[in-house]
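# Summary of structural features
These are the residues of each chain, in order.
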Amino acid sequence: MRTAVADDKDYRGKVHALSRDIMTDWMTELKDATQTNIPSAYLMISGNCVEILRCFDILPVFPEINALQLAIRKNSLPYIIKSEELGYASDNCAYVKADIGYTMCGGVGEGGNIPKPSLIVCNFVGCNVYIKWFEHCADMMNVPMVMLDIPFVREDRPSKEDVNYVLTQLKELITECEKLTGKKFDIDRLREILKHSARAEQGWTRAKELCKNRPTPFDSYFDSINMMGPINALRGTKEAADFFDQTVEQYEHMVEEGMGAAADEKFRIVVEGPPPYPYYRNFRNLFEAWGAVAVQSTYSTVGGTWEFGFCHDPERPLESIAEQMIVHNLCNRSMLERYKQIKSYVEDYEADALVIHSIKSCRLFSAGQGDMREYFTKELGIPTLMVESDLEDPRYYAEAQMKNRIDAFFESLSYKRIRAGAESEKGKVG
Amino acid sequence: MTSEQIVQHCRDVLELLPREALALAREKHPDIGGFGVFPVYAPLEIIHAAGLMPVGLFGAGDKVEISHADSRFQSFICSIAKSTLELFLRDEMDDFVGAVFSSICDVARNLSSLVQRNTPALYIEYLHLPQNMASAGSLDYTTAEFTRFRTNLASHLEREITDEAIGKSLVLYNKVRSLTRDLYGHRKHKPSSIDASDLYTVVQAGTRMMPEDFIPLLEQLLADMKTRKVHPRDGVKVVIEGSFCEQPPVGLIDVVEAAGCLVKDDDMVVGWRLFHEDIVANGDPVGAMAQAYLTGSVYTSVRHDRDNPRTVGLMNRMKNSGAEAVIFAPAKFCEPALLDYVLFRQKLDEADVPHLKVEFEEKMWTFEASRTELETFAESMLFD
C-alpha cells in the first residue's frame, strides 16, 4: 500500500528551512565575529557544555560543523589535501584534515568565515582524536586550551569520583571564562539557559518518538541533521527551543495526516554510523529507491541520547551538565552499550534491518563494526548490511559499488518478504 | 648468564605466545595466574600484588595468522588490535584471568568491548586514564580509578589485594624501571655498548616475565655493559619516536642501525618504564602511583599534559641524549602517532633537525624499502 506523502517542501522542507534559518543566523554571527573582539571558544559536539559558554556570552564555535559543511558543500577535498601536505597521513581523520586545512588557508580569523577563538575548550568525550585536533588548533593558532577530561562510561553508572572530577573541571572552566570575559559567573543565568536546553531536549525526544509511527514522518538518519545543529550547537537558546516546538508540531501534523518521509515506506531501517557528507543526497537516494526509511540512527545521538529520557535540570545546573557529558551521549559509551542502543531501536521502532555505514575517518564509530554485524545477524537474526566510505573524504565513496551492495541487500529482503507472504498464504489455504 | 645468553633468552621469550610465556613463568611460579596488559600503561603493581603475572599484549607479530579478527576489524585498523583480538578469538588467552585496556585511542577502546563480548569468561577491565594532569581533581580521580581496578580485580579473584602486597610489588617494579633507566642512560653515553635491537628485545621480553625473574637479567646485563670494551662506532645519532603502543619488528630496528644510525633514545615499550624516578609508596601505594602518573611520567602520545607538551618532551629527549636526528616509527594506521607526527615535524623543522618517517606493520618481513630510505637519510647527514 502506498502511504500518503507530503510534497518535498512540506515534509522535508519546512523543518529543514527552520533549521537552516537559525543555523544561518549563528553562522552570520560567526562571520561577524571575525571582525570584532567578541570572545569565542572552540568546542566539540559530543557531550558539550555549550551552556557554560553561553552564560558568559562567549560565542561557541564547532570545528566539526565547519568540517561537515565543507563536505556537504563538496568543498572538503582541497583542504584535506592541504593538510596532507602539512604531514597529516591519509589514514588520519578527514574531519581534522579538512578543518585544519581550512584554517591554514585563511578560513579562520580576519578575512575568513570563522573567528579565531579566544579559548579552546577540549571536551574530551569519548573521541581521542578530539584531543589531538584541539592540541593542533591551540598550537597552530597560539590559543590557550582548557582540557575537560570526561571519564568514559565503564561501570553501570558513573562513580562519585567521576562526577566530582568533571565538576571540578567545569568550575575551572568557569574561572577561565570569568578571566576571559571579565564577567562574574551567574548561576541563575545558567539556570535560565538550561531551561531552554531542557525544552529543546524534550522536543527532540517527542520528535524522535514520532518515528515509531507507520509511516515515519521523517527519516531519522538523513533528516535528523536538521535537528542535530539546533540541539548540539544552539542548545540553550530560546531560538533552538522554539525550533523544536515548531518541529514537533509539524511532525505531529504529518502523523495525523498519515504523511510519511517516503513515498512508499517499504522498509524500516536503523542506521549506524555517520553519513558520507560529500555524497549525502546520492547516498539517501540509494535507500529511497527501495522505500527504505530510517526510523532511528545512532549518529544522531553523538551529542546526546536525549530520547532515553535525559534532559538538563536547571535545579542542578552543573551536576546535570556533568551527567550529560559523562553518560548521556553516544560517544562516551562503549561499543557494547551501542549494541544495546541499536537493539532497542530495532525492537521499539519495529525496524526490518540494520544498516552500518562504516567510515574510515572515525574509528570511534567504525573500529569493530564487523563484530557488530556478527552480533546482529548471527545472534539476533536481524538482517544487517555493512557498507564502507567516509564522512568527509570524497575519495572513499564508490557510487557503483555502494549501489550494488544496497540494491542486493534490499532485493534479498524483498524476496524474503515475498516468500514469507507466500508461505503465510499457503498456511491459510492448508 | 652472559649478555649474549640473556639477549638470546629474551629473543626466545618473545617468540612465545602469551599463553606459552605464562606457562614458562609457571615452571618457577606454579601458583601464578596471567593477566594481559594492552599498551600503553596500566598499574602493573596491582596485578602483580594480586598474585598474577602482568603480560604485555603487544599483538602476535608474525606468529599467528589473522583468520577471525579480519571479519571484526576493517582493513584500516592497526595490526596490534587485530592480532590481539585474534589471540582472544582463538582461545589463546583462556589460561588468563583477564586483561586490562585503557583510554589510549578509539581503537583500543572498541577492542576492549569486542574482547569482552567474545570472551565472557574472562575479566576484562577498561581504565580511563586521566587526560588532565593539571586539574585540582586529577589526583583524587586517578587514585579512585586505580582503586576501582584494584577492587574489581580483588572481587573477581575473591581475595584481598593488600596495601602491603602492592607496596612490595612497587619495590620490584621500581627496581625494573630503575635498572631499565640505567641501561638507557648507559646506552646514551655509549651507544655502541649494546645494539638497539638487543636492548629493545630485552625490555620487551621483560613484559613477559615476573619482575623478580627479570631483575637479575637486567642487573647482569648492566654490569656487562659497564665493563664491556667497545669500539665507538660512527653514525647518525638518532631518537626513535612513535612506537609507544604497537611495537616495531626487531628487524626494523636492526635496519636502522645497519643503515648507519646510533640509537640514543626511543619510546619503545614506554608504558612499562614510564616514570622518571622511583615511586615512593609512603603508606599509600595506590595514591603514590596515581601521583606518579600525573606528574612523574615520561611524555607519550596518549597522554595530554597541557603544561608539558610532547613537542617540548621530544626536543628535550633529543637534547638530553645528544641526538641529532629523529626517526619516526609509527605503526601503520596508528592515529595518535600519525597525528602527533604533524606537530613534531613542525617543531623539528623550525629547529632545523633532520627527521625521517618509516611506518611499520606487525607482519612486515622485508625491510628493503625502509633500508633504502634509512641509508639515504643517514648518508645525507654523514656526508653533508
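Nothing here was measured: the structure is a model prediction, and the numbers come from that model.

### A few points about the overall build of chain B
- Along the backbone of chain B there are 14 helices and 8 strands.
- On C-alpha atoms alone, chain B measures out to a radius of gyration of 20 Å, which is about the 21 Å that the 2.2 N^0.38 rule sets for 384 residues.
- Dimensions of chain B along its principal axes, counting C-alpha atoms only, are 65 × 50 × 45 Å.
- Here the analysis covers contacts within chain B between residues at least 6 apart in sequence; of these, 75% occur between residues at least 24 apart.

### Brief notes about the packing of helix 3 (residues 63-72) of chain A against helix 5 (residues 94-107) of chain A
Residue and element names in this part refer to chain A.
- At their nearest, the axes of helix 3 and helix 5 sit 9 Å apart, and the two run at 90° to each other. In terms of axis orientation, helix 3 runs roughly perpendicular to helix 5. Across the interface between the two elements, Pro63, Glu64, Asn66, Ala67, Leu70 and Ala71 from helix 3 touch Tyr95, Ala98, Asp99 and Tyr102 from helix 5.

### Comments concerning the nonpolar core
- Ranked by internal contacts, the top residues of the largest apolar core, which has 132 residues, are Ala99, Val238, Val256, Cys261 and Ile327 of chain B.
- When neighbours within four sequence positions are excluded, Cys261 of chain B is seen to be in contact with Gly235, Val236, Val238, Val256, Ile327, Leu374 and Ala378 of chain B.

### With respect to the sheet that holds strand 1 (residues 33-37) of chain B
Residues and elements named next belong to chain B.
- The 4 strands are arranged 2-1-3-4 in an open sheet whose pairing can be described as parallel. Two strands close off the open sheet at either side, each with one partner strand: strand 2 (52-56) and strand 4 (123-127). Adjacent strand axes in the sheet meet at a mean angle of 25° when their direction is disregarded.
- The pairing of strand 3 (residues 96-102) with strand 4 spans 5 bridges and is parallel. Bridge pairing in strand 4 links Ala99 to Ile124.
- With respect to the sheet, helix 2 (residues 18-28) is in contact with strand 1 and strand 2, its orientation differing from that of strand 2 by roughly 145°.
- Sitting on the sheet, helix 6 (residues 138-157) is in contact with strand 3 and strand 4, with an inclination near 175° to strand 4.

### A look at the interface of chain A and chain B
- The interface is formed by 42 residues belonging to chain A together with 39 residues belonging to chain B.
- For the side of chain A that touches chain B, the secondary-structure elements that each account for two or more residues are helix 6 (128-141), strand 5 (145-149), helix 7 (160-181), helix 13 (335-348), helix 14 (363-366) and helix 15 (369-379) of chain A.
- Here the side of chain A that touches chain B gets 7 residues from one element, more than from any other, and that element is helix 6 of chain A.
- Across the side of chain A that touches chain B, the residue classes break down as 16 nonpolar, 13 polar and 13 charged.

### Here's the deal with the sheet that holds strand 8 (residues 355-357) of chain B
All names here are of chain B.
- Pairing is parallel across the open sheet formed by 4 strands, whose spatial order is 6-5-7-8. Edge positions in the sheet fall to strand 6 (261-266) and strand 8, since each of these pairs with one other strand and no more. In this sheet, neighbouring strand axes are inclined to one another by 30° on average, regardless of whether the strands run parallel or antiparallel.
- Inspection of the sheet shows strand 5 (residues 236-241) paired to strand 7 (residues 325-328) by 4 bridges, in the parallel sense. The residue of strand 7 that forms the bridge with Ile240 is Ile327.

### A closer look at helix 1 (residues 3-14) of chain B
Residues and elements named next belong to chain B.
- Taking 1.5 Å of rise per residue, the 12 residues of helix 1 would be expected to cover 16 Å, and the 17 Å separating its terminal C-alpha atoms lies within 8% of that figure.
- Along helix 1, the residues that are buried comprise Ile6, Val7, Cys10, Val13 and Leu14. Within helix 1, the buried residues cover an arc of 120° as seen down the axis, which keeps them to one side. Opposite its buried face, helix 1 presents the exposed residues Glu4, Gln5 and Asp12, each directed more than 90 degrees away.
- On its buried face, helix 1 is in contact with helix 2, helix 8 (196-205) and helix 9 (211-227).

### A word on helix 5 (residues 106-118) of chain B
- Here helix 5 of chain B is 13 residues long and its end C-alpha atoms lie 19 Å apart, about the 18 Å a rise of 1.5 Å per residue gives.
- Those residues of helix 5 of chain B not exposed but buried are Asp106, Val107, Ala108, Arg109, Asn110, Leu111, Ser112, Ser113, Leu114, Val115, Gln116 and Arg117 of chain B.

### Concerning unusual backbone geometry
- The omega torsion across Arg214 of chain A and Pro215 of chain A is -5°, close enough to zero to call that bond cis.
- Within the secondary structure, Pro215 of chain A is located in the loop between helix 8 (187-209) and helix 9 (225-232).
- The linkage connecting Pro39 of chain B with the following residue, Val40 of chain B, adopts the cis geometry, with an omega of 20°.
- Along the chain, Val40 of chain B turns up in the loop between strand 1 and helix 3 (44-49).

### Here we look at the confidence of the model for chain A
- Of the residues in chain A, 97% have a pLDDT of 70 or more, and the chain-wide mean is 95.
- Contacts of residues 1-11 of chain A to residues separated by more than four positions or lying in other chains number 21 contacts, the stretch itself having pLDDT below 50.

### Quick word on the confidence of the model for chain B
- A residue-level look at chain B finds 100% of positions with pLDDT of 70 or above and a mean pLDDT of 96.
- The complex prediction reports pTM at 0.96, with the ipTM value standing at 0.96.

### A closer look at the pairing of strand 9 (residues 353-359) of chain A
Residue and element names in this part refer to chain A.
- When you tally the buried positions in strand 9, you get 7 out of 7 residues, the bulk of the element.
- Of the strand pairs in this sheet, strand 9 and strand 10 (residues 384-389) are connected by 6 bridges, and their pairing is parallel. What sits directly across from Val355, in strand 10, is Leu385.

### Description of the packing of helix 4 (residues 76-86) of chain A against helix 5 of chain A
Residues and elements named next belong to chain A.
- Packing of helix 4 against helix 5 leaves a shortest axis separation of 7 Å and a crossing angle of 85°. Our classification of the angle between helix 4 and helix 5 gives roughly perpendicular. For the pair helix 4 and helix 5, the contacting residues are Ser76, Tyr79, Ile80, Lys82, Ser83, Glu84 and Leu86 in the first and Ala94, Lys97, Ala98, Ile100, Gly101, Tyr102, Met104 and Cys105 in the second.
- Looking at the contact of helix 4 with helix 5 residue by residue, the class counts come to 9 nonpolar, 3 polar and 3 charged.

### A word on the environment of Phe344 of chain B
Residue and element names in this part refer to chain B.
- The topology assignment puts Phe344 in helix 13 (residues 335-350).
- For Phe344, a count of 25 C-beta atoms within 10 Å puts it in the buried group.
- The spatial distance from the C-alpha of Phe344 to the C-alpha of Arg306 is 16 Å, given a sequence separation of 38 residues.
- Other than its neighbours up to four places away in sequence, Phe344 contacts Glu241, Thr311 and Leu314.

Reading the values: rules and limits
Residues numbered from 1 in each chain as written. Chains lettered and ligands numbered in written order. Predicted model: local features only at pLDDT ≥ 70, side-chain atom pairs only at ≥ 80, totals over all residues. Helix = DSSP H or I, 4+ residues; strand = E, 2+ residues; numbered from the N terminus. Rg over C-alpha atoms; globule rule 2.2 N^0.38 Å. Contact = placed C-beta atoms within 7 Å. Axes fitted to C-alpha atoms, helices over the stretch in contact; angles between N-to-C directions. Parallel < 35°, antiparallel > 145°, perpendicular 65-115°, else oblique. Core = buried A, V, L, I, M, F, W, Y, C linked by C-beta atoms within 7 Å. Buried ≥ 20, exposed ≤ 12 C-beta atoms within 10 Å, placed from the backbone. Pairing = 2+ DSSP bridges. Nonpolar A, V, L, I, M, F, W, Y, C, P; charged D, E, K, R; others polar. Expected span 1.5 Å × (residues − 1). Arc of directions from axis to C-beta. pLDDT = per-residue confidence, 0-100.

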